[in-house]
Amino acid sequence: MVRLSWIPFVFASLSVAVETTQHSTREAACTVKVQHKPWQMLTSAERTAYINAELCLMEAPTRLNVAGSKTLWDDLQWAHILQANVMHDVGHFLPWHRYFFVVHGNLLREECGYTGPLPYWDETADASLSDLSRSPVFQNTAFGGTGSGAQSYITTGPFASLALRMRRPGQSASNYRISRSLNVRSLASARQASLDACFQMTTYTAAWECWGGSPHGAGHGATGGLMVDVFASPGDPVFYLHHGWLDAMWWKWQTLDLPGRLTDMGGRNVPRLSYVQRLGTGLPGREWTDYHGERGNITTLNHILSVNELAPNVTVGNVMDVGGSVVCADYIFSNSFNATINTIVDGFMTTFTE
Ligand SMILES: *[C@@H]1O[C@H](CO)[C@@H](O)[C@H](O)[C@H]1NC(C)=O
Ligand SMILES: *[C@@H]1O[C@H](CO)[C@@H](O)[C@H](O)[C@H]1NC(C)=O
Ligand SMILES: *[C@@H]1O[C@H](CO)[C@@H](O)[C@H](O)[C@H]1NC(C)=O
Ligand SMILES: [Cu+2]
């Protein structure tokens, strides 16, 4: 069973070809926006199409050809494994995971012909369930259920026999599978009180650490197993649903103060030593922290986001606007989420006027 110290982390959305050169990023315009939509709001036909597209990605041949990788699924997981000590515990945590979500969605479209919405997990809605196995996410026709046995491997759903191969930087694992340990308790940090604290932050520098704390821990902790592995969690397709939700929260926060929050960036650029010591990796090398002219220990809009060779490098500035050419998406929020947010926003509006 995988058990690692869980530290707040991040994630993200979709789009259109971006060509980068050393000095400029030329982007195609955003013409057709992709919907980022709660899994709970997808029709059953849309759910089936998404699951089938994920299964296709899990069979698609590797593009990275790194040791041990056979499929694009391995490649995506590898990009996250390799950069676990680069893009966690830092200001670019949210932008990096937004871009990772986008790249995953683009691969579904390019490689598997997927045309539907990109789902996220409305964790606030599921936080009030008595048992997480009742969630629409964890049904046998969706992502399957909890794990069992010594390894806590899942035994139900379309991904029960998925062979995973990547686990830690510098090593490939002998095949393993998705482990889970569903528990609704961890979704308490997706409840209104927890979101409330983050929505009230007035600067990105304060907000990212809040989003990277309790809300980020919610879906990772509630799914358990592989999802609490800071390196290899994208092996479980629920990872994208969870980070899509976290990204929806960040985007909702951004929209509460536009256009200012399209350029509000900050936070440390390099993880704390204590964080990387827990990971056992050491600090990221200069190739990740001091490139393309960016210097210092503060994340800026010029910071480069890389998913290895799976997609072009972009900058943090390129992904700040969900309606921009790199992400090119529309976030769809449920009625129940809107009600939660309205309560929060009304709450602090009242505070301001008192
Ligand atoms: C970066 O800044 C953070 C505080 O914001 C500090 O904890 C960390 O040690 C710094 N890292 C480096 C490499 O300067
Ligand atoms: C993307 O960024 C990474 C990290 O700085 C760098 O190593 C890589 O060479 C860049 N790739 C391209 C195509 O510029
Ligand atoms: C949620 O609120 C947004 C505007 O803030 C609105 O566009 C959307 O239609 C609402 N969602 C539902 C399901 O009513
Ligand atoms: Cu991550």
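The preceding data block contains the structure.
Residues numbered from 1 in each chain as written. Chains lettered and ligands numbered in written order. Predicted model: local features only at pLDDT ≥ 70, side-chain atom pairs only at ≥ 80, totals over all residues. Heavy atoms only, no water.

(A) Main features of the overall build of the protein. If you tally the helices and strands in the protein, you get 12 helices and 11 strands. Per-residue burial over the protein gives 58% buried out of 354 residues. A separation threshold of at least 6 residues defines the contact pool for the protein, and within that pool the share at least 24 residues apart is 74%. When the accessible surface of the protein is summed, it comes to about 13800 Å², and 50% of that surface belongs to carbon and sulfur atoms. (Helix = DSSP H or I, 4+ residues; strand = E, 2+ residues; numbered from the N terminus. Buried < 20%, exposed > 50% of the residue type's maximum accessible area, 1.4 Å probe, protein only. Contact = heavy atoms within 4.5 Å. Areas by Shrake-Rupley, 256 points an atom, 1.4 Å probe, with all protein chains shown as cover.)

(B) Structural detail: helix H5 (residues 192-199). Considered for burial, the residues of H5 that qualify are Ser-194, Leu-195, Cys-198 and Phe-199. Down the axis of H5, the sector holding all buried residues measures 135°, keeping them to one side. (Arc of directions from axis to C-beta.)

(C) Highlighting the coordination of the copper ion (ligand 4). All of the protein donors around the copper ion (ligand 4) are His-80 (NE2), His-88 (NE2) and His-97 (NE2); their distances to the metal are 2.0 to 2.1 Å. Read N to C, the donor residues that coordinate the copper ion (ligand 4) are spaced as H-x7-H-x8-H. Of the residues examined, His-80 reaches a relative accessible area of 0% and is grouped as buried. Under the relative-accessibility criterion, His-88 is labelled buried at 0%. (Donors = N, O, S within 2.8 Å, 3.2 Å for Na, K, Ca; no water.)

(D) Focus on the pattern of salt bridges. Per the stated rule, a full pass over the model turns up 9 salt bridges. When the shortest N-O distance is used, the salt bridge between Arg-63 and Glu-110 registers 3.6 Å. Here Glu-110 lies in helix H3 (residues 93-112) and Arg-63 lies in the loop between helix H1 (44-57) and helix H2 (72-82), a separation of 47 residues in the sequence. (Salt bridge = Lys/Arg side-chain N within 4 Å of Asp/Glu carboxyl O.)

(E) Seen up close, the packing of aromatic side chains. Scanning all chains against the criterion turns up 16 aromatic pairs. Centre to centre, the rings of Phe-143 and Phe-159 are 5.9 Å apart; their planes meet at 35°, and the pair counts as tilted. Taken as a pair, Phe-143 in the loop between helix H4 (123-126) and strand E5 (147-148) and Phe-159 in the loop between strand E6 (153-154) and strand E7 (164-168) lie far apart in primary sequence, 16 residues in all. For the pair Phe-143 and Phe-159, a shared accessibility class is recorded, and that class is buried. (Phe/Tyr/Trp six-rings, centres within 6.5 Å; stacked < 30°, edge-to-face > 60°.)

(F) The arrangement of the site of ligand 3 in detail. Around ligand 3 lies a shell formed by Lys-252, Phe-333, Ser-334, Asn-335 and Asn-338. A distance of 2.4 Å separates an oxygen atom of ligand 3 from a polar side-chain atom of Asn-338. Taken together, the residues that form the shell around ligand 3 break down as 1 nonpolar, 3 polar and 1 charged. (Near = heavy atom within 4 Å. Polar contact = N/O pair within 3.5 Å; in protein donor to acceptor, adjacent residues only side chain to side chain. Nonpolar A, V, L, I, M, F, W, Y, C, P; charged D, E, K, R; others polar.)

(G) Structural view of the packing of H3 against helix H8 (residues 238-255). The interhelical angle for the contact between H3 and H8, taken along N-to-C directions, is 125°, at an axis separation of 10 Å. It follows that H3 is oblique to H8 by the angle criterion. Crossing handedness for the pair H3 and H8: left-handed. The residues of H8 that touch H3, namely those facing Phe-93, Leu-94, Pro-95, His-97, Arg-98, Phe-100, Phe-101 and His-104, are Phe-239, Tyr-240, His-243, Gly-244, Leu-246, Asp-247, Trp-250, Trp-251 and Gln-254. (Axes fitted to C-alpha atoms, helices over the stretch in contact; angles between N-to-C directions. Parallel < 35°, antiparallel > 145°, perpendicular 65-115°, else oblique. Left-handed = near helix turned anticlockwise from the far one by under 90°.)

(H) How the structure looks around the sheet that holds strand E3 (residues 34-38). Across the sheet, which stays open at both edges, the 3 strands sit in the order E4-E3-E11 with parallel pairing between neighbours. Looking at which strands have only one partner, the edges of the open sheet turn out to be strand E4 (118-120) and strand E11 (329-331). Averaged over neighbouring strand pairs, the angle between their axes works out to 25° when direction is ignored. In the packing of H8 onto the sheet, contacts are made with E4 and E11, and the angle to E4 comes to roughly 80°. (Pairing = 2+ DSSP bridges.)

(I) Examining the nonpolar core more closely. Of all hydrophobic cores here, the largest spans 100 residues; its most connected members are Trp-39, Tyr-50, Tyr-99, Trp-121, Phe-143, Leu-187 and Trp-211. Once residues within four sequence positions are removed from consideration, Trp-211 is found in contact with Leu-94, Leu-195, Cys-198, Phe-199, His-216, Leu-246, Met-249, Trp-250 and Trp-253. (Core = buried A, V, L, I, M, F, W, Y, C linked by side-chain atoms within 4.5 Å.)

(J) Summary view of the state of the cysteines. The full count for this structure, using the stated rule, is 3 disulfides. Two residues share a disulfide in this structure: Cys-30 and Cys-328, whose sulfurs sit 2.1 Å from each other. What sets the handedness of the Cys-30 and Cys-328 disulfide is the S-S torsion sign, and at about 80° it is right-handed. Here Cys-30, found in the loop between strand E2 (25-27) and E3, pairs with Cys-328, found in the loop between helix H11 (316-319) and E11; they are 298 residues apart in sequence, far enough to count as distant. Covalent S-S linkage joins Cys-56 and Cys-112, the inter-sulfur distance amounting to 2.0 Å. The chirality of the disulfide connecting Cys-56 with Cys-112 is left-handed, given an S-S dihedral of about -85°. Residue Cys-56 is located in helix H1, and its partner Cys-112 is located in helix H3; the two are separated by 56 residues in the primary sequence. The exposure class of Cys-56 is partly exposed, given its relative accessible area of 28%. If one numbers only the bonded cysteines of the protein, in the order they occur, the disulfide pattern is 1-6, 2-3, 4-5. (Disulfide = S-S within 2.5 Å.)

In short, shape yes, function no, at least from these values alone.
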